[in-house]
Amino acid sequence: MQEQEHQQQEAGQEKGPRRGTAVWALIITSLAGFMASLDNLVVTTALPSIRKDLGGALEDLEWTVSAYTLTFAVLLMFGAALGDRFGRRRLFTIGLGLFTAASAAAALAPGMGELIAARAAQGVGAAIMMPLTLTLLSATVAPERRGMAFGIWSAVNGLAVATGPLIGGTLTEHFSWQWIFWLNVPIGLLLLPLARLRLNESRGPNSRLDVPGTALASAGLFGIVYALIRGNADGWTSPSVLTGLIAGAALIVAFVAYENRAAHPILPMRLFRNRAFSAVNAASLLMFLGMFGSIFLLSQFMQNVSGYSPMEAGVRMLPWTAMPMIVSPIAGILSDRIGGRPIIAAGLTLQAVGLALFALVVTTDVSYAAQLPALIISGIGMAMYFGPTANVVMSSVRPEEQGIASGANNAFRELGGALGVAILASVFSSQGGYESATRYVDGLVPALWVGAVAVGLAAVAAVLIPRRRKATATPADAQPQRTLEPVA
């Protein structure tokens, strides 16, 4: 009994009766992650209807997307740190409550200004709750089953990102654009009491918040993400974009220097000396760069060139976007047996091949049957990436550092997505445009090749993840391994 209490303290678990179960933790964290991930892209297909109802210039419409992306990306690590300091379940419910209230405010917004403010508040709530979903799940699920649990969690989140345009288009087409936000409200109201009753509380080991490090990281990421989002609209050599890139990069350098000296760093730099942690985060950034940017352009291709409605385009993307629901849990189970490296590397290779196939076959009159092999291969590859990645991230650090690791990985993914949309859209606009179907394909093809190369580099990074080492049975290191694992 004393040994169990000692294990709880080492893992950051609160003492007391364990009210949660792995099934409840998986349901609650997966649904919360689904809502946060869905709002990355759900608004894109509703923009014409929003503009018709609320008015506003093109820049206002861009900010309905950017306000969420910016606040989400720059506050992810701070959200994880708050959870470690004040209690992960407590901060998870606060973030969930803020996200739910902001969703209702967005649905009720009478004008563009109010909608943009509500979207920013949504991003804050998502940044608080999203990195805590994995730490809460990890604290409940037994170590030997985490691969399967993380695979299911990843499948749900991956499906949300990929089907955002489909869900947004369907709700807008058959109901109204407000329903893309109302959808979150009943789910949030259901999850709030369940989280309070069914999740176990846990904390990180540090008693202080790293305020200077948080400020440097947030300001630096804000500058970079702002510049990436505004680069195409304002011009990459405009003063605002150059200032964002240069100042943001300088602040990130200052953040790294400060974190190397800080007594309680928000992101310990020593984590990056762990090859698994560094490699999986590099792979995540490059994967989202290629995948997110490609989905952004291909969903528009199906509407602008092939002539499908938003809902019809989303349905035809399902061989790609729905595949995580089928393959990710299987990939997670396999990662428990053979390790995450071969599955992640193979999945990223397939995703790169799928994007390359798209670039080879896409024309103004390409048939859907000709696109189907690329859709299926891309879907399997994306699902194989999502399944084991969370397990590799969480197992590459100590249990008390899993909140920070989760926040960092999500931040890299968000930054990769913003970078992917900016880079691929820049390549698209330099080679083509929206003037005609031919011009759109002229820009789409080179952009897809850039996406394929980015995901290919992600596969190379995944190969650098160390092989999973089997646990040794020597008495000398058996005891330390037990005290570092959370109680299942």
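As a reminder, the structure under discussion sits directly above these lines.
Criteria and thresholds
- Residues numbered from 1 in each chain as written.
- Predicted model: local features only at pLDDT ≥ 70, side-chain atom pairs only at ≥ 80, totals over all residues.
- Heavy atoms only, no water.
- Helix = DSSP H or I, 4+ residues; strand = E, 2+ residues; numbered from the N terminus.
- Polar contact = N/O pair within 3.5 Å; in protein donor to acceptor, adjacent residues only side chain to side chain.
- Phe/Tyr/Trp six-rings, centres within 6.5 Å; stacked < 30°, edge-to-face > 60°.
- Buried < 20%, exposed > 50% of the residue type's maximum accessible area, 1.4 Å probe, protein only.
- Axes fitted to C-alpha atoms, helices over the stretch in contact; angles between N-to-C directions.
- Parallel < 35°, antiparallel > 145°, perpendicular 65-115°, else oblique.
- Left-handed = near helix turned anticlockwise from the far one by under 90°.
- Patch = residues over 30% accessible without salt bridge, like charges linked within 9 Å, V, L, I, M, F, W, Y side chains within 5 Å.
- Areas by Shrake-Rupley, 256 points an atom, 1.4 Å probe, with all protein chains shown as cover.
- Salt bridge = Lys/Arg side-chain N within 4 Å of Asp/Glu carboxyl O.
- Core = buried A, V, L, I, M, F, W, Y, C linked by side-chain atoms within 4.5 Å.
- Contact = heavy atoms within 4.5 Å.
- Expected span 1.5 Å × (residues − 1).
- Nonpolar A, V, L, I, M, F, W, Y, C, P; charged D, E, K, R; others polar.

Visitor: Teacher, can you tell me more about the side chain of Gln122 here?
Guide: If you trace the backbone, Gln122 turns up in helix α6 (residues 112–140). There is a polar contact of 2.9 Å between the side chain of Gln122 and the side chain of Ser103.

Visitor: Can you walk me through the packing of aromatic side chains in this structure?
Guide: The tally for this structure, following the rule as stated, stands at 9 aromatic pairs. Relative to Phe277, the ring of Phe272 has its centre 5.1 Å away and its plane inclined at 75°; by these criteria the two rings are edge-to-face. A residue is classified by how much of its surface remains accessible, and Phe277, at 0% relative accessible area, is buried. With centroids separated by 6.4 Å and ring planes inclined at 20°, the aromatic side chains of Phe288 and Phe292 adopt a geometry described as stacked. Of the two residues, Phe288 and Phe292 both sit in helix α12 (residues 275–304), 4 residues apart, roughly one turn of that helix. Relative accessible area serves as the criterion here: at 3%, Phe288 is assigned to the buried category. Put simply, the rings of Phe272, Phe277 and Phe412 touch in pairs and so form one group of aromatic residues.

Visitor: Looking at this model, I keep getting lost on the packing of helix α5 (residues 88–107) against α6. Mind explaining?
Guide: To characterise two packed helices, one gives the angle between the axes of the helices and the distance between these axes. Relative to each other, α5 and α6 sit at 150°, their axes nearing to 7 Å. On the basis of the axis angle, α5 is roughly antiparallel to α6. Our pair here, α5 against α6, has a crossing hand that is left-handed.

Visitor: What exactly am I supposed to notice about a nonpolar patch on the surface here?
Guide: A cluster of nonpolar side chains, contributed by Val23, Ile27 and Leu31, occupies part of the molecular surface with about 240 Å² of accessible area. If you trace the backbone, Val23 turns up in helix α2 (residues 22–38).

Visitor: Before we go on, may I ask you to explain the nonpolar core in this structure?
Guide: Within soluble globular proteins, side chains that are nonpolar generally end up buried alongside one another. By size, the foremost hydrophobic cluster in this structure holds 76 residues, and its most contacted members are Leu267, Met287, Phe301, Trp320 and Leu348. If you list the elements that add at least two residues to this core, you get α4 (58–86), α10 (211–234), α12, α16 (341–361), α17 (368–395), α18 (402–431) and α19 (437–463). If one sorts the elements of this core by residue count, α12 sits on top with 15 residues. In contact with Leu348, not counting residues within four places along its chain, are Ala283, Met287, Gly381, Tyr385, Val455, Ala458, Ala459 and Ala462. Counting 34 residues, the second largest nonpolar core, distinct from the first, contains Ala25, Leu82, Leu91 and Leu134.

Visitor: Before we go on, may I ask you to explain α16 in this structure?
Guide: Two residues of an α-helix separated by three or four positions point the same way, owing to the 3.6 residues in each turn. Over its 21 residues, α16 extends 31 Å from the first C-alpha to the last, a length consistent with the 30 Å expected when each residue adds 1.5 Å. Among the residues making up α16, those that are buried are Ile343, Ile344, Ala345, Gly347, Leu348, Gln351, Ala352, Gly354, Leu355, Ala356, Phe358 and Ala359.

Visitor: When you look at the environment of Ile252 in this model, what are you seeing that I'm missing?
Guide: Within the secondary structure, Ile252 sits in helix α11 (residues 239–259). Sequence spacing of Ile252 and Ser218 is 34 residues, and the spatial spacing of their C-alpha atoms is 8.9 Å. Beyond its immediate stretch of four places on either side in the chain, Ile252 contacts Ala217, Gly220, Leu221 and Ile224.

Visitor: For this particular structure, what's the right way to read α12?
Guide: Its 30 residues place the ends of α12 43 Å apart at the C-alpha level, agreeing with the 44 Å of an ideal helix rising 1.5 Å per residue. When you tally the buried positions in α12, you get 22 out of 30 residues, the bulk of the element. Sitting at the amino-terminal end of α12 is Asn274, which places a side-chain oxygen 2.9 Å from the backbone nitrogen of Ala276.

Visitor: Honestly, the packing of α2 against helix α9 (residues 184–198) in this entry has me stumped. Any pointers?
Guide: Viewed as axis vectors pointing N to C, α2 and α9 meet at an angle of 145°, and their least axial separation amounts to 10 Å. Crossing angle aside, the handedness with which α2 passes α9 is left-handed. Contacts from Trp24, Ile28, Leu31, Ala32 and Met35 of α2 reach α9 at Asn184, Ile187, Gly188, Leu191, Leu194, Ala195 and Arg198. Of the residues in the contact of α2 with α9, the class split is 9 nonpolar, 2 polar and 1 charged.

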